[in-house]
Amino acid sequence: MNFVIPDFYPAAAELFVVAMSFAILLIGTFVRDSRNIVYFLTQFTLVGAAAVTIMTMDGQVNFTFSNMYVDDLMGDFLKLMVYFSVAIVLVYSRGYMQDRKIESTEYYMLAIYATLGMMVMISANHFLSIYLGLELLSLSLYAMVALQRDSARATEAAMKYFVLGALASGLLLYGISMVYGATGTLEISGVAQAIYHQAANRTILMFGLVFVVAGLAFKLGVVPFHMWIPDVYHGAPAAVTLFIASAPKLAAFAMSMRLLVNGLFELADQWQSMLMFLAVLSIILGNLAAIAQTNIKRMLGYSGISHMGFMLLGLMSGVVGGDRHFALNAYSSSMFYIVSYVLMSLASFGVVLLLSRAGFEAETLDDFKGLNKRSSWFAGVMAMVMFSMAGIPFFIGFFAKFSVLQAVVAAGYIWIAILAVVMSLIGAFYYLRVVKVMFFDEPVDSTPLAASADMRVLLSMNGVAIAVLGLMPQTLMSLCAYSLLGSL
Amino acid sequence: MDFQTVVFYFFSTVLVLSALRVITARNPVHAALFLVLTFFTAGGIWMLLRAEFLAIALVMVYVGAVMVLFLFVVMMLDINLDRIREGFWSYLPVGAVIGLLMVVEMAIVLGGKYFGLEGMPAPADPGEGYSNTKELGRLLYTEYVYPFELASIVLLVAMIAAIALTLRKRNNVKVVDPAAQVAVKRDDRVRIVSMRAEKD
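Procedures and definitions
- Residues numbered from 1 in each chain as written.
- Chains lettered and ligands numbered in written order.
- Predicted model: local features only at pLDDT ≥ 70, side-chain atom pairs only at ≥ 80, totals over all residues.
- Heavy atoms only, no water.
- Helix = DSSP H or I, 4+ residues; strand = E, 2+ residues; numbered from the N terminus.
- Rg over C-alpha atoms; globule rule 2.2 N^0.38 Å.
- Buried < 20%, exposed > 50% of the residue type's maximum accessible area, 1.4 Å probe, protein only.
- Contact = heavy atoms within 4.5 Å.
- Areas by Shrake-Rupley, 256 points an atom, 1.4 Å probe, with all protein chains shown as cover.
- Buried area = accessible area lost by both parts, 1.4 Å probe.
- Salt bridge = Lys/Arg side-chain N within 4 Å of Asp/Glu carboxyl O.
- Polar contact = N/O pair within 3.5 Å; in protein donor to acceptor, adjacent residues only side chain to side chain.
- Expected span 1.5 Å × (residues − 1).
- Phe/Tyr/Trp six-rings, centres within 6.5 Å; stacked < 30°, edge-to-face > 60°.
- Lys NZ or Arg CZ within 6 Å of the ring centre and 35° of its normal.
- Core = buried A, V, L, I, M, F, W, Y, C linked by side-chain atoms within 4.5 Å.
- Axes fitted to C-alpha atoms, helices over the stretch in contact; angles between N-to-C directions.
- Parallel < 35°, antiparallel > 145°, perpendicular 65-115°, else oblique.
- Left-handed = near helix turned anticlockwise from the far one by under 90°.
- Nonpolar A, V, L, I, M, F, W, Y, C, P; charged D, E, K, R; others polar.
- pLDDT = per-residue confidence, 0-100.

**Quick notes on the overall build of chain A**
Scanning chain A from N- to C-terminus turns up 20 helices and 2 strands. Taken against the 2.2 N^0.38 rule, which gives 23 Å for 488 residues, the C-alpha radius of gyration of chain A at 22 Å falls within 12% of a compact globule. Principal axes of the C-alpha set define a box for chain A whose edges measure 70 × 60 × 40 Å. By the burial criterion, 64% of the 488 residues in chain A qualify as buried. Expressed as a percentage of contacts within chain A between residues at least 6 apart in sequence, the contacts between residues at least 24 apart total 79%. Summed over all atoms, the accessible surface of chain A reaches about 17000 Å², with 68% contributed by carbon and sulfur.

Shown next as structure tokens:
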């Protein structure tokens, strides 16, 4: 019985967030009218966590908590992106939540705990920590969706999300238990070693892999595990939709990297073909179904499905016939894709929030009519986001699609690349329709936009970032590649 | 067949039968009671595996707490059984086929060969003085302290979420504020009116 106190240094950011969350919880409980304080403390927590993450970043791969926690550059980079996007989400959503009288200490607490869950998932080196991080994230999200108690739609969405999410967690757990049965360990690097040394039974591993991939696919929201996306995106308060559509995607990407690449890399041939199936179906269905949507939240939901499909294209082209030279290029293109998708998703839902006001939800295409006449600047921002999502050069979305496609071509799947390009051409229709409606139609209502100054500034910067990063994507791309280098 | 095997088969039979009754019982209270029996026999099987702590925790937590709560909820709610059973027979063939298919598929993969006694031998006898509870506690607070703490935060989130979703501030209810009650002064309660003395 020799117990060594774990090294807390690599996990300093998590500990900081937990400590701050307890402080904020107490302040929120005992201070009257604490919403402003809680909001600023939450933002401070995110900024502080970013500072701690940067300070403890050393480029090494450190394990702690009996190898259940791993601190590497990929984790640090993704965590920084998570803080960044959660902070932006909170700025965008504040006015919206206030208008609907659902801004409360609990909302910010749930946001912090969701962030913590994502951090745990990103840094997990053990199936248990992955699962607990996932549950922490999902539980907070279910509650956030249901926060608008008087809305029947939000309650229904929360119920659907909860039931399907629980089912997916069950699938994932079942798969993990099979992998455990085959390898005898829950530690991700241990699993990789056991498979490498041929100590594991392949049939059972495969059986477990199917369930693990199904669970992952649900969390990413790819076909055929996408049913929840349109309903949840539509039903949830727009601020929460913005939350769900941004940072958790980064965490789901990290989870796929940890489970599939770090843990089950030896089975790459098998899971790549599964991912190929999921990716192709998602790209086709996401783009075709989005055409029929008149509700902008649903449309963005379906477009998110197709974007996740694109992201999977990168993950499925890492290993070609046992050759692993492509791995770094393919996975970093996926990572670049997910980071740029989160940027675009933030801006697109940000505009939806900008147009909404007390008692009015800007969620149909009609609400975007003639936006140019009401505010040409934000119509321009939305147009840039739509161009970028459609993959029109030279916005960041174009380079994201481009880098994923070159990875696919390098892996030799020419027909998939062609299909993806054709489907994004079809997808360009519904993105450009939004642009057409904004610039060439007469406005239905001409209420001036009422958004706080900080939101206007941030949303403008968000839009400009999409354009500027599109002009010089090299920095972000090489950051992705560099941070992945140590974790493969 | 030695005594252990007999006990195992007895418990397993009771478990499977009572689990079946949970879904077939017409009365929800009966179903809940059968679920209690299922948990109890599962606890017995764990006891056979020398996992005393888990067995006792299962009985105490599930039978003692969760199921009692469940029974209360079942009794409070007015459940319309006919509506729940609507379409049972029309869905049965599809459900049965899918269920059977899954059982067969799982049996093919998991059947005897991999998870049989050859693949997974029974653990060696730990010897005298071995305490399951102590081992579990040791692991939980040393090696697994990280997931243990995370689980506590998950519970905290559940609490916050439950409060956020159910707590309503109502303004029109009459409640006593103890702090205000203690801090009350004489002047708040008694008003001294100076009157002129009245004669006769």
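**Re the interface of chain B and chain A**
Chain B puts 27 residues into the contact, and the matching count from chain A is 34 residues. Summed over both partners, the interface of chain B with chain A buries about 2900 Å², with 82% contributed by carbon and sulfur atoms. When residues of chain B are sorted by the area they lose upon contact with chain A, Tyr146(B), Ile160(B) and Leu165(B) head the list and together hold 21% of the total. Seen at the junction of chain B and chain A, the total is 0 salt bridges. Run the count over chain B and chain A and you get 4 residue pairs in polar contact (both at pLDDT 80 or more).

**Thoughts on helix 2 (residues 35-55) of chain A**
In this model helix 2 of chain A runs 30 Å from its N-terminal to its C-terminal C-alpha over 21 residues, within 8% of the 30 Å that 1.5 Å per residue would give. Taken together, the buried positions of helix 2 of chain A are Val38(A), Tyr39(A), Thr42(A), Gln43(A), Thr45(A), Leu46(A), Gly48(A), Ala49(A), Ala50(A), Val52(A) and Thr53(A).

**What to know about the packing of aromatic side chains**
Within the structure shown, the criterion is met by 27 aromatic pairs over all chains. An angle of 70 degrees between the planes, with centres 5.0 Å apart, marks the rings of Tyr141(B) and Phe148(B) as edge-to-face. An aromatic cluster is present here, built from Tyr142(A), Tyr161(A), Phe162(A), Phe218(A) and Trp228(A) joined pairwise through their rings. Above the ring of Tyr96(A), the side-chain terminus of Arg100(A) is found at 3.8 Å from the ring centroid.

**Details of the nonpolar core**
The biggest cluster of nonpolar side chains holds 207 residues, and the ones touching the most others in it are Leu264(A), Trp271(A), Leu313(A), Tyr331(A) and Phe368(A). No other element matches the 20 residues that helix 14 (residues 327-355) of chain A contributes to this core. The contact partners of Tyr331(A), leaving out residues within four places of it in the chain, are Phe253(A), Met257(A), Val261(A), Phe265(A), Trp271(A), Gln272(A), Gly314(A), Leu315(A), Gly318(A), Val319(A), Leu484(A) and Leu488(A). Formed by 7 residues, the second largest nonpolar core is a distinct cluster that contains Ala32(B), Val36(B), Phe39(B) and Met67(B).

**Focus on the environment of Val468(A)**
For Val468(A), the position within the fold is in helix 19 (residues 453-471). Along the chain, Val468(A) and Ile396(A) lie 72 residues apart, while their C-alpha atoms are 7.9 Å from each other.

**What to know about the pattern of salt bridges**
Residue and element names in this part refer to chain A. Counting across every chain of the model gives 16 salt bridges over all chains. With a shortest N-O distance of 3.9 Å, Glu 103 and Arg 35 are connected by a salt bridge. Placement of the pair is Glu 103 in the loop between helix 3 (73-99) and helix 4 (105-122) and Arg 35 in helix 2, with a sequence separation of 68 residues. For Lys 373, the salt bridge goes to Glu 442, with nearest N and O atoms at 3.1 Å. Of this pair, Lys 373 sits in helix 15 (residues 371-374) while Glu 442 sits in the loop between helix 18 (414-440) and helix 19; the two residues are 69 residues apart in sequence, bridging distant segments of the chain. You can call Lys 373 exposed: its relative accessible area is 53%. Residues joined by salt bridges that share partners form a network here, namely Glu 156, Lys 160, Asp 231 and Arg 298.

**Comments concerning the packing of helix 4 of chain A against helix 5 (residues 127-145) of chain A**
All names here are of chain A. At a minimum axis distance of 8 Å, the contact between helix 4 and helix 5 shows a crossing angle of 155 degrees. It follows from the interaxial angle that helix 4 and helix 5 lie roughly antiparallel. Here helix 4 runs over helix 5; the crossing is left-handed. Only Ser 129, Ile 130, Gly 133, Leu 134, Leu 136, Leu 137, Ser 140, Ala 143 and Met 144 of helix 5 make contact with helix 4, whose side of the interface consists of Tyr 107, Leu 110, Ala 111, Tyr 113, Ala 114, Leu 116, Gly 117, Met 118, Val 120 and Met 121.

**A short note on the packing of helix 11 (residues 247-263) of chain A against helix 13 (residues 296-315) of chain A**
Residue and element names in this part refer to chain A. Look at helix 11 against helix 13: their axes get within 12 Å of each other, and the N-to-C directions meet at 25 degrees. With respect to each other, helix 11 and helix 13 are oriented roughly parallel. Handedness of the crossing formed by helix 11 with helix 13: right-handed. In this structure, helix 11 contributes Lys 249, Phe 253, Ser 256 and Met 257 to the contact, and helix 13 contributes Met 308, Met 311 and Leu 315. Taken together, the residues of the contact of helix 11 with helix 13 break down into 5 nonpolar, 1 polar and 1 charged.

**Overview of helix 9 (residues 228-235) of chain A**
Among the 8 residues in helix 9 of chain A, 7 count as buried, and that is most of the element. Restricting attention to buried positions, one finds in helix 9 of chain A the residues Trp228(A), Ile229(A), Pro230(A), Val232(A), Tyr233(A), His234(A) and Gly235(A).

**A look at the side chain of Ser246(A)**
Among the secondary structure elements, Ser246(A) is positioned in the loop between helix 10 (238-245) and helix 11. Excluding residues that lie within four positions of it along the chain, Ser246(A) makes contacts with Val89(A), Val342(A), Ser345(A) and Leu346(A).

**Details of unusual backbone geometry**
The linkage connecting Val223(A) with the following residue, Pro224(A), adopts the cis geometry, with an omega of 0 degrees. Residue position: Pro224(A) is located in the loop between helix 8 (202-220) and helix 9. The step from Pro393(A) to Phe394(A) runs through a cis peptide bond, and the omega angle for that step is 0 degrees. Among the secondary structure elements, Phe394(A) is positioned in the loop between helix 16 (376-390) and helix 17 (396-410). Positive phi, normally seen in glycine, also occurs at Arg50(B), with a value near 65 degrees. Summarising the element assignment, Arg50(B) is placed in the loop between helix 2 (28-48) and helix 3 (52-76).

**Quick look at the confidence of the model for chain B**
Residues and elements named next belong to chain B. Summary statistics for chain B give a mean pLDDT of 85 and a share of 94% for residues scoring 70 or more. Looking across chain B, the model is least confident in helix 4 (residues 81-85), with a mean pLDDT of 69, and most confident in helix 7 (residues 145-166), with 93. Both scores are available for the predicted complex, with the pTM at 0.89 and the ipTM at 0.91.

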